Structure formats: structure tokens, C-alpha cells
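Breakdown of the fold
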Protein chains: 2
Amino acid sequence: MSGRKLEMSNLSKSILKDQAFQLREQAILDATTSILGSKGYDLMTMDDVAKAVGISKPSLYKHFKSKEELVGEALIRLIDGAIQYLAGLDVALSPLKKLITLLEWALRIRLEGGIPFLPSTSAHVRDMLLRNIKYMTHFFQLNSQLEQLVIAAQKNNELNSSLPIDVILISYYARTCDPTIEHLQIFSQMSHDDIIKNMLHVTFKGFNGL
Amino acid sequence: MSGRKLEMSNLSKSILKDQAFQLREQAILDATTSILGSKGYDLMTMDDVAKAVGISKPSLYKHFKSKEELVGEALIRLIDGAIQYLAGLDVALSPLKKLITLLEWALRIRLEGGIPFLPSTSAHVRDMLLRNIKYMTHFFQLNSQLEQLVIAAQKNNELNSSLPIDVILISYYARTCDPTIEHLQIFSQMSHDDIIKNMLHVTFKGFNGL
DNA sequence: GTCTATAGCTGGATAGAC
DNA sequence: GTCTATCCAGCTATAGAC
């Protein structure tokens, strides 16, 4: 009886511990995301992350065994967020409208200090992600959905059918890491809404569109 | 008489030395440009540059007193090239056609291993350049010409007048450092000409344009 | 599991011989 | 001006005490 009690107590202690561990892990990923957004991969140090979370560097390494794994997990979480956001969209929306809405979501995240979900501007980071199987799995899940949307939009004549799908998809990703966003923030002092509005116009209609 | 001879001899020796010095300086800038194009600023080391040129690191520092100065000079040379290219264009071309032609030139340079002439994707590099007065002087010289072209093209109805000039200009620069270029090279294996054609379409007409 | 302390390495920059 | 050799700062990652 007392043995059983002890067992349960240990179990609930362990659950609590896991919860705290999970919470700290999310806090680490939050900090990583924010620092990645401002400094980028190369300039982000593990000391930065540890200090932002309020833990020591060795503790950080108990959660993630390397800087590459840490960044990979942060990006995976972001991709999963995009997949969930897509899944939550009104099914009645047209393919093009879904693509626009998702990009708007990604741009807003970026403006609020987050990171582009892909593809990195740095060859180093790009190669690192290509080697990260877990990341690539999640990425392909998102990518195949986006590809279907692009194809459907082309069939609808919502998107130009003469453009190769790859060109549209890759350019679409590139808009989420476009330095235009930061430059407009710094030099033009536009509101977030105006930046997003203009970025969407340029992306879908170009400079002379409409 | 012999004194004069000696003087001339020293002079010509000095000229020769200057020429060799100038040549090596250009070689250093060539190597820097190429390495910047492939690895980017953060991953480019002074050892890389010295090795590519075939000189030692201290010799490199005789030419450029820091990594920041070296990169600044490489970018200045690139901007000056753009200014010269603009100046050499047929004056009969419309403002829009000039903008398209210059971007095509920049994209081709990039595809051949060069660097985007602006604006850097990295906050670190961007801040470094903002502090570089010589660089900013050259940049503004190019920028004011491009601004005039954009304004003229808007007056012509060649470019959408509802888009702020800043949005067009900054997006225009951004296309020269757009990771789409590399991704299309790596994943789609398109020819350079096709990549440029598609990039120009997306830039000026967007995804659904025309 | 958490910390302090440090190993090990890399890269920017320089001293000093020639 | 060129080299070899080296300094020093900063970073990733870990050892070892508690």
C-alpha cells in the first residue's frame, strides 16, 4: 500500500517535472526564435539564448545537443505553426486567397520579431537544414500543400500558368525572408499593415501590376 | 646629370610598383567578391581571401586595414560598375526599360558568382555599411539615379503610381540578393537565362501579372 | 539537473625577421 | 612589402562539483 502510494507520488512528481521541462523547452525555443529574427544564425550565440531564458549554457545543452539542433527545432515549430494555420483556414477560400492569407500571416510574424520560415539566405544554414531529416520531413509536408494550392490557383487562372511552379513556390518562400521588410521598417517607418499591403501587392501583382 | 637619371629611374620604378600594387589590389577585390558571393560576409575569412589571392594574411592587411574596409571597397567597386553600366545604356531607352536592363545585368553578375549590390540580408552587414561614409556616398549616387528612373516610369504609366517609391526601390534592390536565384539554380537546374527571365517576370508582373 | 569553470578551436589582427 | 609565427577575443561544447 505504502509502496503503491510512493509509486504514484513519484509518477506525479515526474509528470510535474516533465511539464516544467516542456515549459522551459518552449521558453528556449521562443528566445531562439526571437534572437534568430534579430541577429540571424551566424551572430546568435548559445550564450545569448541561455541569458535570454535565464538559464546557464550547460542547462541549455541538456535540452538541445547542439546549436544546429536547437535552430532546427525552432524552425520545425514554425513550420508546424504554418501547417496548423493553413488547416484552420475557411475551406471556402480560393487557393489564391489561401496563399495570400498564409503569406500575410508569415509577414506579420516576421514584423513582430519572428523568423522567415524559409529558405535561409545563408548557404551555411541552408545546407544545415538539408541535412536535418526531421526538419525536411516537416518542410515537405507544408511544401506539398502549398504546391497543390499553386497548381489549383493556376488551373483557376488566379495565378499565371506560364510561370513554372518552382518559380512561384520558391519566390513565395523568399518573400518571408525578404530584407525589404526590415528596410521599409527602418527607412520608411511605414506601419506594419502598410508594409504587408505593399509586400503582397508587389508579390502578386509586381511593380506595374493592375 | 647622373642625379637626374637616378631620379627618373626611381620614379619609373615607383610607377611600376604602383601598377603592381594596383593589380594586386584588384585581384584581392576579385577574390573577395567571389567569396562573398558564395559564402557571405560572416563565413568569409581573411584567410580565405589571402589564400585565394596567393598572398599571406599580413600582406592582405597592408592593402586593407580590416575585413570591414575590404568588403566595403568590394561593394563600392560593384556600385560604381552599376553606375557605369547605367551611363552606357542607350539614352533612347524608356525609364522602365533601363530599370529592367540594369536588374538583368545585376542578376547575371550574381548568377556568375558575384554579389548582390544591396541591401544586405544581414543586420550586421547593413549596419557596417551605414557607418561607411565612402560606401554611402557611392550608394546615394546610384540610388538617386534609380529614384529618378522610378519616378519617370511612374509618370509614364510604365510603373504603378499607387506604389510608394520606397517600396519599388527597396524591392528592386532586394531582387539582387534574393535567395530565389540560388534555389532555382540548385533545385530547378534552370539555365541562367530562364532564371533571369522568370525573376524579371515575377519582379515586374508578379505571380498573376499579365 | 543545475551551476562554475574551462577546454579546444577559429578567426581577426599584428610583431618582428628578412 | 612580404613572410612566419603568434596574440587575443569570442564561440561551441563539456568536465566536474553540488
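The structure we're discussing is the one just above.
Looking at the protein's contact with DNA strand D
Near DNA strand D, the surroundings consist of 17 residues, among which Lys57(A), Arg24(B), Pro58(B), Ser59(B) and Lys62(B) are the closest. In DNA strand D, the atoms that sit within 4 Å of the protein are 55% sugar and phosphate, with bases accounting for the remainder. The contact in question runs from a phosphate oxygen of DNA strand D to an N or O atom on the backbone of Met46(A), over 2.9 Å. In the environment of DNA strand D, a phosphate oxygen lies 3.0 Å from a nitrogen or oxygen atom belonging to the backbone of Lys67(A).

Quick word on the protein's contact with DNA strand C
Every one of the 15 residues lining DNA strand C counts as a neighbour, but Arg24(A), Pro58(A), Ser59(A), Met46(B) and Tyr61(B) are closest to it. Expressed as a percentage, the sugar and phosphate content of the atoms of DNA strand C within 4 Å of the protein is 52%. Measuring from a phosphate oxygen of DNA strand C, one finds a side-chain N or O atom of Ser59(A) at 2.6 Å. Lys67(B) is positioned with one of its backbone polar atoms (N or O) 3.0 Å from a phosphate oxygen of DNA strand C. Of all the elements in the fold, those that place two or more residues in the surface near DNA strand C are helix H1 (2–43) and helix H3 (57–63) of chain A together with helix H3 (57–63) of chain B.

Some details on the packing of helix H9 (residues 180–188) of chain A against helix H8 (residues 165–175) of chain B
Axis separation between H9(A) and H8(B) bottoms out at 10 Å; the angle between their running directions is 140 degrees. Between H9(A) and H8(B), the crossing angle belongs to the class labelled oblique. Handedness of the H9(A)/H8(B) crossing: right-handed. Between H9(A), through Thr180(A), His183(A), Leu184(A) and Ser188(A), and H8(B), the contact on the second element is made entirely by Asp166(B), Val167(B), Ile170(B), Ser171(B) and Ala174(B). Residue classes in the contact of H9(A) with H8(B) are distributed as 4 nonpolar, 4 polar and 1 charged.

Analysis parameters
- Numbering of residues starts from 1 in each chain and follows the order in which that chain's sequence is written.
- Written order determines the labels here, with chains lettered from A and ligands numbered from 1.
- The predicted origin of the model limits local features to residues at a pLDDT of at least 70 and limits the giving and counting of side-chain atom pairs to 80 or more, whereas totals for whole chains, interfaces and linings rest on all residues.
- Values reported for side chains reflect all heavy atoms of the structure, with hydrogen atoms and water molecules removed beforehand.
- By convention in this text, a residue qualifies as near a molecule or strand provided that one of its non-hydrogen atoms is within 4 Å of it.
- Polar contacts here mean pairs of N or O atoms no more than 3.5 Å apart (in protein, one a potential hydrogen donor and the other a potential acceptor; neighbouring residues in sequence count only if both atoms are side-chain atoms).
- Each helix is a run of DSSP H or I of at least 4 residues and each strand a run of E of at least 2, with the numbering of both proceeding from the N terminus.
- Interaxial angles span 0 to 180 degrees and are taken between N-to-C directions of axes, which are lines fitted to C-alpha atoms, for helices over the stretch in contact.
- Orientation is classified from the angle alone, with under 35 degrees giving roughly parallel, over 145 giving roughly antiparallel, 65 to 115 giving roughly perpendicular, and any other angle giving oblique.
- Rotating anticlockwise by less than a right angle from the far helix to the near helix defines a left-handed crossing, while the corresponding clockwise rotation defines a right-handed one.
- Contacts are assigned to residue pairs with any non-hydrogen atoms lying within 4.5 Å of each other.
- Following the grouping adopted for this structure description, the nonpolar residues are Ala, Val, Leu, Ile, Met, Phe, Trp, Tyr, Cys and Pro, the charged ones are Asp, Glu, Lys and Arg, and the polar ones are all others, Gly among them.

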